[in-house]
Protein chains: 2
Amino acid sequence: MAEQIAREAHLASTVLKTLSDEERSNALHEIYDGLLQAKEDILKANLLDLQLATEQNLSPSLIKRLDLSKSDKFDSMLQGIKDVAALSNPIGKINLATQLDEGLNLYRVTCPVGVLLIIFESRPEVIANITALAIKSGNAAILKGGKESLNTFKILAKIVNTVLSNKTKVPKNSIQLISSRSQVSDLLDQDKYIDLVIPRGSNDLVRYIKSNTKIPVLGHADGICSIYIDQYADVEKSVKIVVDAKINYPAGCNAVESVLIHKDLLNSQLIPLANALIENKVTLHVTPEIKSFLIQNNTDLNYIKDANIDEDFSKEFLSLDIAIKSIDSLEDAIYHINTHSSKHTDAIITENESAANKFLGGIDSAGVYWNCSTRFADGFRYGFGTEVGISTNKIHARGPVGLEGLVCYQYQLRGNGHIVSDYIGSGGKKLFVHKQLDLDFI
Amino acid sequence: MAEQIAREAHLASTVLKTLSDEERSNALHEIYDGLLQAKEDILKANLLDLQLATEQNLSPSLIKRLDLSKSDKFDSMLQGIKDVAALSNPIGKINLATQLDEGLNLYRVTCPVGVLLIIFESRPEVIANITALAIKSGNAAILKGGKESLNTFKILAKIVNTVLSNKTKVPKNSIQLISSRSQVSDLLDQDKYIDLVIPRGSNDLVRYIKSNTKIPVLGHADGICSIYIDQYADVEKSVKIVVDAKINYPAGCNAVESVLIHKDLLNSQLIPLANALIENKVTLHVTPEIKSFLIQNNTDLNYIKDANIDEDFSKEFLSLDIAIKSIDSLEDAIYHINTHSSKHTDAIITENESAANKFLGGIDSAGVYWNCSTRFADGFRYGFGTEVGISTNKIHARGPVGLEGLVCYQYQLRGNGHIVSDYIGSGGKKLFVHKQLDLDFI
């Protein structure tokens, strides 16, 4: 069953990738119209999910995420489809062109990755978002939603499938929506047909998927972001940035979890920083040298905890908690972060440009920031329009990933009967020309 | 032990990535000098490996690969190091720059992947090649060679390590050479520290590695390349290209393994093609309709075998064997190849441009060729100078991979106290500017 789903997605992907951008974008407009017409029915199904969730005493935050009727969520879900349709075509772009010889030209052309498996939890609007991104980038997608949104999921799936079959050139198996949980582990085995898994949900979900598949996974399990307050930091910026990075949205993967403060700044910067955090009800998990300093300065001890040195600096609190330690030097800060970070986003606060450059060059994370909040790590803020997810991988796509993360390339070689045995090194005498062609004139 | 090696490589990589291109290239020149001075000792150690290999009756082709003294192999190994040093710096290139707001600029900057684990079999010159590529691209590397080249490996390792420690800024753990086979499986578990595995050797080696690690693997297990002879093919090109793609180097991963011939061409093209292949001692594994045609035309039956339909079209013969079947249409050819190919390189022969474009657009492989031999799939022929390997992955790097495959990117965000809570969507009122900056003026 899972193999069939995956194989059909693969075959659909090879047709989908041959459609024009206009054909793919038109399909998005048709989906938009279909969902708009069915708004009432969708919200009815969504209400059923909400009632079941309430009966089952699911958490208020989950119920909030589930609710499509809240404020302008439905409309912005639909608008998102149109926004994706309006993006420039990511497929078929030539980014390298080389004449190998007379009449033999090599082109590197962007193409879809192939088949995406997207596993998400409660947010039903992800269906519309991912369907749009997948079709726009010419990828087939298999979507698996959470059981909490089953009724919403089913009606959205039905509309998307009907629209694709009846009104578009997109093969119907390009978007397959599955709801049975048991199929997930079987799908994770289909590395022959599925090219990329994108989990959208809790750390536990991502960690489970990363440990249970050979298919590349695009995403992040943890966002352990650190801020290093350098010897030459401006106190006002330190306080403002750390507070923002912690309290703006503590559950965000780009929230700060650890602060490393240069040892010379305990007098000048630690106390204003600690007070500002405590004013915002942040609990500080501190090392002994920090604690003794806080005690001397009469800080409110209700918000001070002893840090567990093995755990608290390798932990995503996802709450109003932060770990703080002092550090001897910029080099030690780089070492600490490269050893403890989850490769998401790390920042330095300093007025010294050469210290900043050393930090930005030495840190091994997707985002390396100078004098700004780690919370900027986000596709919308980066100007990518829409976001597939945030990747802490070291290859392919890192940080906030837009449409580009769903694209790779193929080499097209166009000849006229050329064979290698005519060329030097393979038995012949001809030489390669290797002339770069001007991309603007292709 | 494996964990320590991997952790030290990771830490070295974070220093190596901060060195300038000049410092990294200078290290390559020092290695060049060191190896040149030790040429006599290296060839002595290599002779010992050759003697042991001969005593153990290892295959002539393996012994040939082992031999560093043969013709200009040693010199071209050394020249390769200089060639890599002379390549343009792949690190620190800005390929996206966006002003997010006044004083807040985002840059996407190329950076090394991190730590490479390279596992190779008998060719000792790979050590010099990979060491050069790794250092040039700012990556640390752990190299594991085959036991057949142990003595050569040891002396090369000693020289590289001594040179790096005494004469360069490259941290000594940037290049670690290990010879114990038992460490490989432990190293394959170090996904916390190792970012990319590059196997260079037999299909079995690659397959073993792909099945035994969660670290991304760059390479290919199989090269099952197909050529489709379209209805509008020119017979002279068909014969010339298929013969070249099969016989120029049958053990190459880019050699053709299957030919799909349009059903209308059995009269005009099958017989000249079959005869040309048979003249070159190629055995044809054919389907019944092809066989009956060959019998009618008195083809030499010593070179004809019945194809095993389940196996022979999904097989890398690596020998003077080829599978041939007739096919009804271009669509069927695309379907067959997308179902059976290993995503390496596939070609169409046709004089019809729209058929060619349909094929190039529809085939899901790293290389898609029109009217030329699949044997062109090679880093040297593509003009990449030097090749890390050929990748059949669907993400990151595909086809022949040059230095670019060892590079990814980081986002640098440079601000001046910027926090997200000032911006719309996160509690504030400021709007993002999202102005693309001209890359030529950064």
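- Within an unreviewed UniProt entry, the label attached to chain A reads glutamate-5-semialdehyde dehydrogenase, and the organism entered is Ascoidea rubescens DSM 1968.
- Looking at the Function (unreviewed entry) heading of the UniProt record, one finds this comment for chain A: "Catalyzes the NADPH dependent reduction of L-gamma-glutamyl 5-phosphate into L-glutamate 5-semialdehyde and phosphate. The product spontaneously undergoes cyclization to form 1-pyrroline-5-carboxylate."
- Taken directly from UniProt, the Pathway (unreviewed entry) text for chain A runs: "Amino-acid biosynthesis; L-proline biosynthesis; L-glutamate 5-semialdehyde from L-glutamate: step 2/2."

**Side note on unusual backbone geometry**
And then number 1: Even without being a glycine, Asn298(A) presents a positive backbone phi close to 60°.
And then number 2: Phi angles above zero are rare outside glycine, and Lys281(B) is one such case at about 65°.
And then number 3: Among the secondary structure elements, Lys281(B) is positioned in the loop between α11 (266-279) and β9 (283-286).
And then number 4: Taking relative accessible area as the criterion, Lys281(B) reaches 55% and is therefore assigned exposed.

**Describing the interface of chain A and chain B**
And then number 1: The interface of chain A with chain B comprises 78 residues on the first partner and 78 residues on the second.
And then number 2: Of the roughly 6,800 Å² buried between chain A and chain B on both sides combined, carbon and sulfur atoms contribute 57%.
And then number 3: On the chain A side of the interface with chain B, the three residues burying the most area are Phe376(A), Ile395(A) and Tyr411(A), jointly 10% of the side's total.
And then number 4: The partner of Lys394(A) in a salt bridge is Asp195(B), with the nearest N and O atoms 3.2 Å apart.
And then number 5: Looking at which element gives the most residues to the side of chain A that touches chain B, the answer is strand β16 (residues 407-418) of chain A, with 11 residues.

**As for the pairing of strand β11 (residues 321-327) of chain B**
Residue and element names in this part refer to chain B.
And then number 1: Here β11 lies mainly inside the structure; 7 of its 7 residues are buried.
And then number 2: With burial as the criterion, each face of β11 is covered, one bearing Asp321, Ala323, Lys325 and Ile327 and the other bearing Ile322, Ile324 and Ser326.
And then number 3: Of the strand pairs in this sheet, β9 and β11 are connected by 4 bridges, and their pairing is parallel. Counted as the bridge partner of His285 is Ala323 from β11.

**Side note on the relation of the copies chain A and chain B**
And then number 1: Least-squares fitting of chain A to chain B yields an RMSD of 0.1 Å, with the transformation described by 0.0 Å of translation along the axis and a rotation of 180°. Considering both components of the superposition, the chain copies are consistent with a two-fold axis. No C-alpha of chain A lies nearer the rotation axis than that of His396(A), which sits 2.0 Å from it.
And then number 2: Residue by residue, 100% of the interface of chain A is reproduced at the interface of chain B, so both copies engage with the same surface.

**With respect to the domain arrangement of chain A**
Interface size is often expressed as the accessible area that is lost when the parts come together.
Residue and element names in this part refer to chain A.
And then number 1: Domain annotation for chain A reports domain 1 (2-218 + 397-406) and domain 2 (225-382).
And then number 2: Across the boundary between the two partners, domain 1 contributes 4 residues, which contact 9 residues of domain 2.
And then number 3: Roughly 430 Å² is buried in total at the junction of domain 1 and domain 2, and carbon and sulfur atoms are behind 54% of that figure.
And then number 4: A per-residue breakdown of the area domain 1 buries against domain 2 is headed by Asn203, Arg398 and Pro400, which together make up 88% of the total.
And then number 5: The residue inventory of the side of domain 1 that touches domain 2, partitioned by class, reads 1 nonpolar, 2 polar and 1 charged.

**Some details on helix α12 (residues 288-296) of chain B**
Residue and element names in this part refer to chain B.
And then number 1: All buried positions along α12 are accounted for by Ile290, Phe293 and Leu294. End-on view of α12: buried residues confined to an arc of 100°, all on one side of the axis. Every exposed residue of α12 that faces more than 90 degrees away from the buried side is listed here: Pro288 and Gln296.
And then number 2: Those residues of α12 that are buried are in contact with β8 (256-262), α11, β9, β10 (304-306) and β11.
And then number 3: Taken from the residues just after α12, Asn298 is the one with a positive phi, measuring 55°.

**Focus on the sheet that holds strand β5 (residues 175-178) of chain B**
Residues and elements named next belong to chain B.
And then number 1: An order of β5-β4-β3-β6 is seen for the 4 strands of this open sheet, with the pairing classed as parallel. Strands with a single pairing partner mark the edges of an open sheet, and in this sheet they are β5 and β6 (196-200). With strand direction ignored, the average angle separating the axes of adjacent strands in the sheet is 15°.
And then number 2: Pairing analysis gives 4 bridges linking strand β4 (residues 140-144) to β5, with the strands arranged parallel. Each residue of the ladder has a partner; that of Leu143, found in β5, is Leu177.
And then number 3: Strand contacts of helix α7 (residues 150-167): β3 (115-120), β4 and β5, with the helix running at about 160° to β5, the strand carrying the most contacts.

**Comments concerning the sheet that holds strand β2 (residues 104-112) of chain A**
And then number 1: The 11 strands lie next to each other as β17(A)-β1(A)-β2(A)-β16(A)-β13(B)-β12(B)-β7(B)-β8(B)-β11(B)-β9(B)-β10(B), forming an open sheet whose pairing is mixed. Edge positions in the sheet fall to β17 (435-436) of chain A together with β10 of chain B, since each of these pairs with one other strand and no more.
And then number 2: In the sheet, β16(A) pairs with strand β13 (residues 367-372) of chain B via 5 bridges, with the strands oriented parallel. Counted as the bridge partner of Leu413(A) is Tyr369(B) from β13(B).

**Brief notes about the UniProt feature "domain: Aldehyde dehydrogenase" (unreviewed entry) in chain A**
And then number 1: If you check UniProt for "domain: Aldehyde dehydrogenase" (unreviewed entry), the listed places come out as residues 3-274 of chain A in our numbering.
And then number 2: Secondary structure across residues 3-274 of chain A comprises 50% helix and 18% strand; the distance between its end C-alpha atoms is 55 Å.

**What about the environment of Asp321(A)?**
Residue and element names in this part refer to chain A.
And then number 1: Within the element layout of this structure, Asp321 appears in strand β11 (residues 321-327).
And then number 2: C-alpha of Asp321 to C-alpha of Ile194: the two residues are 127 residues apart in sequence and 39 Å apart in space.
And then number 3: What Asp321 contacts, discounting residues up to four positions off in sequence, is Lys246, Glu257, Val282, Thr283 and His285.

**A few points about the pattern of salt bridges**
And then number 1: Considering all chains together, one arrives at 41 salt bridges over all chains under this definition.
And then number 2: As a salt-bridge pair, Asp101(A) and Lys430(A) come within 3.5 Å of each other at their nearest N and O atoms. Taken together, the residues span a long stretch of sequence, with Asp101(A) in strand β1 (residues 94-101) and Lys430(A) in the loop between β16 and β17 at a distance of 329 residues.
And then number 3: Of the residues examined, Lys430(A) reaches a relative accessible area of 39% and is grouped as partly exposed.
And then number 4: In this structure, Arg108(A) and Glu404(B) form a salt bridge, with 3.0 Å as the shortest nitrogen-oxygen distance. With Arg108(A) in strand β2 and Glu404(B) in the loop between β15 (399-401) and β16 (407-418), this pair bridges two chains.
And then number 5: Note on Arg108(A): relative accessible area 10%, which makes it buried.

**Let's talk about a nonpolar patch on the surface**
And then number 1: On the surface, Ile94(A), Leu439(A) and Ile442(A) cluster together into a nonpolar patch covering about 230 Å² of accessible area.
And then number 2: Along the chain, Ile442(A) falls in the segment after β17.

**A short note on the pairing of strand β9 (residues 283-286) of chain A**
Residue and element names in this part refer to chain A.
And then number 1: The alternating pattern of β9 places Thr283 and His285 and Leu284 and Val286 on opposite faces, both of which are buried.
And then number 2: Judged from the 3 bridges that link them, β9 and strand β10 (residues 304-306) form a sheet pairing that is parallel. In the sheet register, Leu284 faces β10, and the bridge partner there is Ile304.
And then number 3: Read as a crossover between parallel neighbours, the route from β9 over helix α12 (residues 288-296) to β10 is right-handed.

**Notes on the nonpolar core**
And then number 1: By size, the foremost hydrophobic cluster in this structure holds 198 residues, and its most contacted members are Leu284(A) and Leu284(B).
And then number 2: For Leu284(A), the contacting residues outside a window of four places in its chain are Ala274(A), Leu277(A), Ile278(A), Leu294(A), Tyr303(A), Ile304(A), Lys305(A), Ile322(A) and Ile324(A).

**Re the packing of helix α2 (residues 21-37) of chain B against helix α6 (residues 125-136) of chain B**
Residues and elements named next belong to chain B.
And then number 1: α6 packs onto α2 with a crossing angle of 160° between their chain directions and a minimal axis gap of 9 Å. The angle between the axes of α2 and α6 places the two elements in the roughly antiparallel class. Along this stretch, α2 crosses α6, giving a crossing that reads as right-handed. Taking contact as the criterion, the partners of Asp21, Arg24, Ser25, Ala27, Leu28, Ile31 and Leu35 in α2 are, on α6, Ala128, Thr131, Ala132, Ile135 and Lys136.
And then number 2: Along the lines of polarity and charge, the residues of the contact of α2 with α6 split into 7 nonpolar, 2 polar and 3 charged.

**Digging into helix α7 (residues 150-167) of chain A**
And then number 1: Look at α7(A): 25 Å from first C-alpha to last across 18 residues, which is about the 26 Å you get at 1.5 Å a residue.
And then number 2: Every buried residue belonging to α7(A) is among Thr152(A), Phe153(A), Ile155(A), Leu156(A), Ala157(A), Ile159(A), Val160(A), Val163(A) and Leu164(A), and all of these are buried.

About the thresholds
- Residues numbered from 1 in each chain as written.
- Chains lettered and ligands numbered in written order.
- Predicted model: local features only at pLDDT ≥ 70, side-chain atom pairs only at ≥ 80, totals over all residues.
- Heavy atoms only, no water.
- UniProt positions renumbered as here; feature names shortened; annotations may be inferred.
- Helix = DSSP H or I, 4+ residues; strand = E, 2+ residues; numbered from the N terminus.
- Buried < 20%, exposed > 50% of the residue type's maximum accessible area, 1.4 Å probe, protein only.
- Contact = heavy atoms within 4.5 Å.
- Buried area = accessible area lost by both parts, 1.4 Å probe.
- Salt bridge = Lys/Arg side-chain N within 4 Å of Asp/Glu carboxyl O.
- Pairing = 2+ DSSP bridges.
- Least-squares fit on C-alpha atoms with pLDDT ≥ 70 in both.
- Domains from an automatic or database assignment.
- Nonpolar A, V, L, I, M, F, W, Y, C, P; charged D, E, K, R; others polar.
- Arc of directions from axis to C-beta.
- Axes fitted to C-alpha atoms, helices over the stretch in contact; angles between N-to-C directions.
- Patch = residues over 30% accessible without salt bridge, like charges linked within 9 Å, V, L, I, M, F, W, Y side chains within 5 Å.
- Areas by Shrake-Rupley, 256 points an atom, 1.4 Å probe, with all protein chains shown as cover.
- Right-handed = clockwise from strand over helix to strand, strands pointing away.
- Core = buried A, V, L, I, M, F, W, Y, C linked by side-chain atoms within 4.5 Å.
- Parallel < 35°, antiparallel > 145°, perpendicular 65-115°, else oblique.
- Left-handed = near helix turned anticlockwise from the far one by under 90°.
- Expected span 1.5 Å × (residues − 1).

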